[in-house]
Amino acid sequence: MPGSATPDVVVVGAGMIGAACAEALSAAGVRVLVIDRDGPAAGTTAAGEGNILVSDKEPGPELELAIASRAEWDVVLSRLPRRVADVEWETKGGVVVATTDPEPLKAFAAKQREAGVSARVITPAEAFQLEPLLTPRVTVGVHYPDDAQVQPVLAATALLTAVRDRGGEVRSGVTARAVRRSAQGRVVGVETDDGVIACGAVLNACGPWAGPFSADAGAPIQVLPRRGMILVTAPLPECVRHKVYDADYVGAVGSGDAELQTSTVVESTRSGTVLIGSSRERIGFDDSVRVKVLRELAAKAVGLFPFLGDVPVMRAYGGFRPYAPDHLPVIGPDPRTPGLWHATGHEGAGIGLAPSTGRLVTELFLGLAPHVDPDPFRVDRPAVLAS
Amino acid sequence: MTAYLRPRDGDPADLGTPTPVEITVDVEPLTAHAGQTVAAALLSTGRDTWRTTRAAARPRGIFCGIGACQDCLVIVNGTPDIRACQRTVQAGDAVATQLGAVLPTSTQPPNADAAGSATPPPTGSAGPASSHSTSNRRPQVADVVVVGAGPAGVAAALAAADGGARVVLIDAARAVGGQFNRQLPVEFGARRAGRLQHGWKGFVGRRDRVAGHERITQLAESSVWAIEGLRLWVQKGPADSVGREVFAVDAKALVLATGAYDRVLPFPGWDLPGVYTAGAAQALAKGQRISVGRRVVVAGTGPFLLPVAESLVGVGAEVVELLEANTLRTVRRGWLTDPLVAPGKFRESLGYGALLAKHRIPLRHGQTVVAAHGTDHVEAVTVARLDDGWRPIAGSERRIEVDAVCLGFGFTAQLELAVSARCNLTTGPDGGPAVVVDANQETTTPGVFAAGELTGIGGADLAAAEGRVAGAAAARQVAVQEDVESVQKGRRFAAVLARAYPVRDGWREWSKPDTVVCRCEEVTRAEVEAAAAERGVQDGRALKLSSRAGLGLCQGRVCSRTVGALVGSPESTAPESSMKRPIAVPVRLRDLAEVQEDL
């Protein structure tokens with residue numbers, strides 16, 4: 001009887017990462033229970049754009065994870081129950097354009113090609129063929145056919161539906177407070193506001209709140225929130241066909257500067273809206289609207305697509321993205337507390353990186369050979385272990 | 001095709017000769033009248049739809065009539081997504097049907113620098129509406145900023161200014177009054193405008209005091225689209241146009257008096273053209289002398305339906321039936337729960353009784369419209385008897401031929417600015433969300449006050465009393481004791497009103513699985529329920545994002561309470577997240593990009 005047996009793993013957090021881990025674990029026969037203080041996909045997942053990108057990453061461990069995860073997305077999608085399989089998945093490809101010196105973007109693309117990314121340098125004329133409404137100021141572009149998009153709430157809730165179909169359980173409105181350990185220090189349960197849940201292991205998939213939960217669990221890790229805001233236009237007819245970035249996007253992602261950074265990402269959704277991202281601010285969990293940020297996003301979007309100037313923005317939304325000080329995800333067992341696992345720190349890339357994160361957690365949990373090198377993401381690296 | 005402009009002959013408001021304004025509608029020339037809204041100009045020609053929806057290409061026109069629902073979008077001078085009910089015609093305007101989602105084709109409006117020139121100039125001392133070219137501008141400063149110029153906002157502005165504060169009064173309309181004291185456009189030259197209004201003399205006194213007050217700056221045609229702390233972001237100019245000025249006003253204290261809009265409950269056919277909110281019918285009649293139809297049924301609950309019927313009669317419509325969904329037993333019991341409140345209102349209802357008798361309008365209790373029929377327009381409705389819980393009684397259905405339906409099931413407060421200002425919410429007397437205020441009308445956010453319908457639906461008298469208290473307190477004055485007592489009395493009245501005219505859960509049985517629930521995104525009831533059931537999401541953003549209900553241009557104003565009630569608790573309250581609208585009204589990206597303030 002599903003749900004009645006003690007779960008092997010309690011996943012704390014029903015966002016995209018928690019959902020992907022629970023889905024992969026349950027696909028491998030592991031009994032999982034997912035709990036969330038709110039509900040499925042209610043936090044960071046509901047505040048993102050649904051980016052599945054290889055275009056924005058420099059060669060290195062994160063790009064390797066992104067390439068693996070892009071392939072893993074196809075696997076995960078094929079496993080979704082049919083009734084929830086439509087998650088607005090689109091392999092639309094990305095177009096990165098520079099409006100100033102073309103050389104840095106070309107050099108960046110060349111390095112990515114060496115790392116195995118399909119990155120084709122295109123002329124301005126080719127860029128206008130792909131995106132007819134682009135600014136004429138484009139000097140060079142790079143086309144990334146593997147960039148994709150998904151509606152993150154649909155994706156996360158579909159994964160959780162798959163979990164339930166396999167006998168797993170998802171409980172909303174349950175807040176994890178601490179982990180319970182045996183005399184030997186091994187995790188034997190999770191303490192919640194709804195009582196103690198006995199289990200074999202606890203996976204911390206709390207996203208930006210993974211830091212506070214890890215402290216409550218007695219094994220603090222350094223994961224901090226970074227605020228991001230996105231503007232949403234009124235519905236439009238087809239006008240932006242790819243994910244279109246200004247080349248300055250790449251510089252901002254890896255940076256640790258606290259002050260406001262914005263770089264233009266413009267893309268349309270199936271419902272006709274155009275999403276304009278994205279800002280990055282380190283301002284803790286402050287969620288108040290900042291017109292300065294909105295103005296910056298608007299100005300850069302109009303710079304990339306002048307027609308957007310006359311289009312109304314109808315909504316803005318923001319959320320917090322989890323990042324570790326060295327800007328790499330944190331995936332794996334916590335060596336200080338046997339039975340405690342972490343999967344967080346994906347910053348703005350969590351939707352894209354979720355399937356491989358789930359697979360990696362599952363492989364490590366079951367002692368299988370990992371499909372990507374887990375070492376760069378291990379928990380006990382100096383940047384992550386709070387002293 | 002049944003709406004019409006009331007003939008001037010015999011109009012009790014005694015209108016002057018209209019000034020012709022030449023515009024085009026889908027390239028054909030049309031002579032409109034100065035002061036008409038685009039919607040009124042189109043309705044005058046008998047045309048009641050000018051947009052089709054994106055997904056199913058359903059025809060749409062006016063629905064809410066007061067700028068909340070975003071259903072009446074039209075293209076003006078190449079710019080799509082302009083609310084026809086809010087936009088006043090200007091000579092040379094090229095109006096065009098908006099088929100689905102449309103890209104803008106003009107880069108600048110034809111008379112960008114003349115934007116707002118047809119409006120009465122703001123009165124009072126020099127306000128924030130100044131030069132657009134200065135860069136690194138500092139935000140304007142006011143002691144008290146009042147948002148909304150209905151009964152609550154006007155009262156608050158006067159009380160604050162009388163208390164010595166410098167006041168900025170902001171409203172999206174061209175003139176003060178709000179929905180309750182909606183005025184005819186000055187261009188209509190009405191010599192007896194007061195004949196369309198209750199309490200006109202008192203209103204004119206307040207209106208003229210606002211206009212002449214040395215410490216009040218009135219910002220007409222201005223919307224607050226964002227709040228940062230006590231800084232308000234305003235856009236000023238013709239509704240939804242490109243090139244409006246965007247600027248900041250810093251307040252020492254803020255009074256939110258943003259009012260409410262009609263609540264409508266879904267049933268099959270409620271999205272057919274010819275189905276309007278009661279407020280839309282009244283706004284068009286009182287403000288533009290347009291009748292939404294010739295044979296009209298008014299349905300819903302609450303005493304507000306009576307003045308709506310009165311307004312319709314005033315523009316020559318036949319109100320074939322007035323349907324109060326609550327049974328006479330419920331209404332009577334509700335009124336009798338507080339005998340101190342009832343007598344005054346009974347006298348008022350006697351006046352309406354005479355009106356109904358004179359025009360032979362049958363008032364039927366315990367009945368409502370449960371379906372609207374027609375292909376491109378309402379041709380008939382099905383009326384059913386309801387039990388005390390509002391479930392339709394099988395076998396009681398009857399069909400009546402009408403060409404318009406006006407619906408009002410109470411009101412929903414405009415709460416997004418209060419939510420942006422982080423004011424705590426509670427459940428109001430009617431079960432809907434409302435702002436928590438103390439005895440000074442101050443919210444849980446220091447320096448932010450709220451007055452009128454957003455503290456709980458209670459009508460114009462209570463709103464005005466709350467406004468007087470809030471305005472005085474915002475100006476750091478002690479409120480007049482009489483006003484404090486009026487508020488207390490008004491709250492008792494609001495509580496009685498809610499008991500006499502409750503909205504019962506039985507309405508959830510009126511709709512069918514294929515009934516559209518979210519008008520903007522055309523999401524059906526079955527789709528909302530499937531998202532909740534199959535994806536395990538109950539409310540909030542996740543439900544919105546997985547069903548799309550509430551993600552459209554109105555940002556869930558029309559559907560969020562409905563969706564919340566259909567999938568969640570029996571309580572009709574919407575989750576707070578559905579009122580979180582950091583961008584309160586749409587802003588054109590260029591105008592946002594060109595914000596001049598040095599931030």
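What counts and what doesn't
Residues numbered from 1 in each chain as written. Chains lettered and ligands numbered in written order. Predicted model: local features only at pLDDT ≥ 70, side-chain atom pairs only at ≥ 80, totals over all residues. Helix = DSSP H or I, 4+ residues; strand = E, 2+ residues; numbered from the N terminus. Buried ≥ 20, exposed ≤ 12 C-beta atoms within 10 Å, placed from the backbone. Contact = placed C-beta atoms within 7 Å. Rg over C-alpha atoms; globule rule 2.2 N^0.38 Å. Axes fitted to C-alpha atoms, helices over the stretch in contact; angles between N-to-C directions. Parallel < 35°, antiparallel > 145°, perpendicular 65-115°, else oblique. Left-handed = near helix turned anticlockwise from the far one by under 90°. Expected span 1.5 Å × (residues − 1). Domains from an automatic or database assignment. Nonpolar A, V, L, I, M, F, W, Y, C, P; charged D, E, K, R; others polar. Pairing = 2+ DSSP bridges. Core = buried A, V, L, I, M, F, W, Y, C linked by C-beta atoms within 7 Å.

Undergrad: I keep staring at the overall build of chain B and nothing clicks. Help me out?
TA: Looking only at helices and strands, chain B features 14 helices and 32 strands. Considered along the principal axes of its C-alpha atoms, chain B spans approximately 70 × 60 × 60 Å. Here chain B, with 599 residues, has 62% of them falling under the buried criterion. By sequence separation, contacts in chain B at least 24 residues apart represent 69% of the contacts at least 6 residues apart.

Undergrad: Is there a simple way to explain the overall build of chain A in this structure?
TA: When you go through chain A residue by residue, the secondary structure sums to 9 helices and 19 strands. For 387 residues, the compact-globule formula gives about 21 Å, and the C-alpha radius of gyration of chain A, at 21 Å, lands near that figure. Its C-alpha atoms give chain A principal-axis dimensions of roughly 65 × 40 × 40 Å. With 387 residues in all, chain A has 59% of them scored as buried. Within chain A, counting contacts between residues at least 6 apart in sequence, those at least 24 apart form 74% of the total.

Undergrad: Explain the packing of helix H1 (residues 16–27) of chain A against helix H9 (residues 350–366) of chain A here, please?
TA: Two quantities define a packed helix pair, namely the angle between the helix axes and the distance between the axes. Residue and element names in this part refer to chain A. At a closest axis distance of 8 Å, the pairing of H1 and H9 adopts a crossing angle of 40°. As summarised for this structure, H1 and H9 are arranged oblique, according to the angle between their axes. Relative to H9, H1 is oriented so that their crossing is right-handed. Contacts between H1 and H9 involve Met16, Ile17, Ala20, Cys21, Glu23, Ala24 and Leu25 on the former and, on the latter, Gly350, Ile351, Ala354, Pro355, Thr357, Gly358, Arg359, Val361, Thr362 and Phe365.

Undergrad: Explain H1 of chain A here, please?
TA: Counting along an α-helix, one turn takes 3.6 residues, and residues three or four places apart therefore face a common direction. All names here are of chain A. Helix length check: H1, at 12 residues, gives a terminal C-alpha distance of 16 Å against a target of 16 Å (1.5 Å per residue), a fit within 8%. Burial analysis of H1 places 11 of its 12 residues in the buried class, which makes it a mostly covered element. When we look at burial in H1, the residues that qualify are Met16, Ile17, Gly18, Ala19, Ala20, Cys21, Ala22, Glu23, Ala24, Leu25 and Ser26. Of the residues flanking the end of H1, it is Gly29, one or two places downstream, whose phi is positive at about 95°.

Undergrad: Help me understand the domain arrangement of chain B in this model?
TA: Note on interface size: it is often stated as the accessible area lost on association of the parts. Residues and elements named next belong to chain B. For chain B, the assigned domains are domain 1 (4–104), domain 2 (140–185 + 198–260 + 412–498), domain 3 (264–409) and domain 4 (512–571). The straight-line distance from the C-alpha centre of domain 1 to that of domain 4 is 30 Å. Each side of the interface is counted separately: domain 1 has 7 residues, and domain 4 has 7 residues. Among the residues making up the side of domain 1 that touches domain 4, the classes are represented as 4 nonpolar, 2 polar and 1 charged.

Undergrad: Could you clarify how one ought to interpret the sheet that holds strand E9 (residues 176–181) of chain A in this entry?
TA: Strand pairing in a sheet takes place through backbone hydrogen bonds and is either antiparallel or parallel in direction. Residues and elements named next belong to chain A. If you walk across this open sheet you meet the 3 strands as E9-E10-E11, and the pairing is antiparallel. Looking at the sheet topology across the chains shown, the edges are occupied by E9 and strand E11 (195–198). Going across the sheet, the axis of each strand differs from the next one's by a mean of 25°, ignoring polarity. Looking at chain direction, strand E10 (residues 187–192) and E11 are connected through 4 bridges and run antiparallel. In the strand pairing of E11, Thr192 is matched with Gly195.

Undergrad: Please clarify how the domain arrangement of chain A should be interpreted in this entry.
TA: Residue and element names in this part refer to chain A. Here chain A is partitioned into domain 1 (9–80 + 151–222 + 327–377) and domain 2 (94–145 + 224–323). Between the C-alpha centres of domain 1 and domain 2 there is a distance of 27 Å. On the domain 2 side, the residues contacting the 23 residues of domain 1 number 29 residues. Sorting the residues of the side of domain 1 that touches domain 2 by element identifies helix H2 (61–79) and helix H6 (210–216) as the ones contributing at least two each. Classifying every residue of the side of domain 1 that touches domain 2 gives 8 nonpolar, 12 polar and 3 charged.

Undergrad: Just checking my understanding: could you explain the sheet that holds strand E17 (residues 275–277) of chain B for this structure?
TA: Residues and elements named next belong to chain B. The parallel open sheet is built from 5 strands, whose spatial order is E17-E25-E19-E20-E21. Each edge of the open sheet is held by one strand with a lone partner, namely E17 and strand E21 (363–365). For this sheet, the mean angle separating the axes of adjacent strands, direction not counted, is 20°. Here strand E20 (residues 318–324) runs beside E21; their pairing, made up of 3 bridges, is parallel. Pairing of Leu322 across the sheet is with Leu363, part of E21. Strands in contact with helix H5 (residues 305–314) are strand E19 (295–301), E20 and strand E25 (404–409); relative to E20, the strand with the most contacts, it is inclined by about 175°.

Undergrad: Any chance you could explain the interface of chain A and chain B here in plain terms?
TA: Taken together, the contacts link 42 residues of chain A with 41 residues of chain B. For the side of chain A that touches chain B, the secondary-structure elements that each account for two or more residues are helix H5 (152–165), strand E8 (169–172), helix H8 (291–304) and strand E17 (312–323) of chain A. No other element matches H8 of chain A, which puts 8 residues into the side of chain A that touches chain B. Among the residues forming the side of chain A that touches chain B, the class breakdown is 28 nonpolar, 8 polar and 6 charged. By the bridge criterion, 2 bridges tie E17 of chain A to strand E32 (residues 587–588) of chain B in an arrangement that is antiparallel. Bridged to Val313 of chain A within E32 of chain B is Val587 of chain B.

Undergrad: I tried to follow the nonpolar core on my own but got confused; where do I start?
TA: A general feature of soluble globular proteins is that nonpolar side chains tend to end up buried together. Residue and element names in this part refer to chain B. One finds Val144, Val298 and Val405 to be the most contacted residues of the largest nonpolar core, which totals 330 residues. The leading source of residues in this core is helix H9 (residues 459–474), at 10 residues. In this structure, Val298 is in contact with Ala278, Leu305, Val308, Ala309, Val319, Leu322, Leu323 and Cys406, ignoring residues within four places of it in sequence. Of all hydrophobic cores here, the second largest spans 5 residues; its members include Leu15, Phe188, Ala190 and Leu196.

Undergrad: Please explain the pairing of E17 of chain A as it appears in this structure.
TA: Residue and element names in this part refer to chain A. Burial within E17 is extensive, with 12 of its 12 residues counted as buried. Alignment of strand E13 (residues 224–233) against E17, held across 10 bridges, turns out to be antiparallel. Residue pairing for E17: Leu224 is matched across the bridge by Tyr323.

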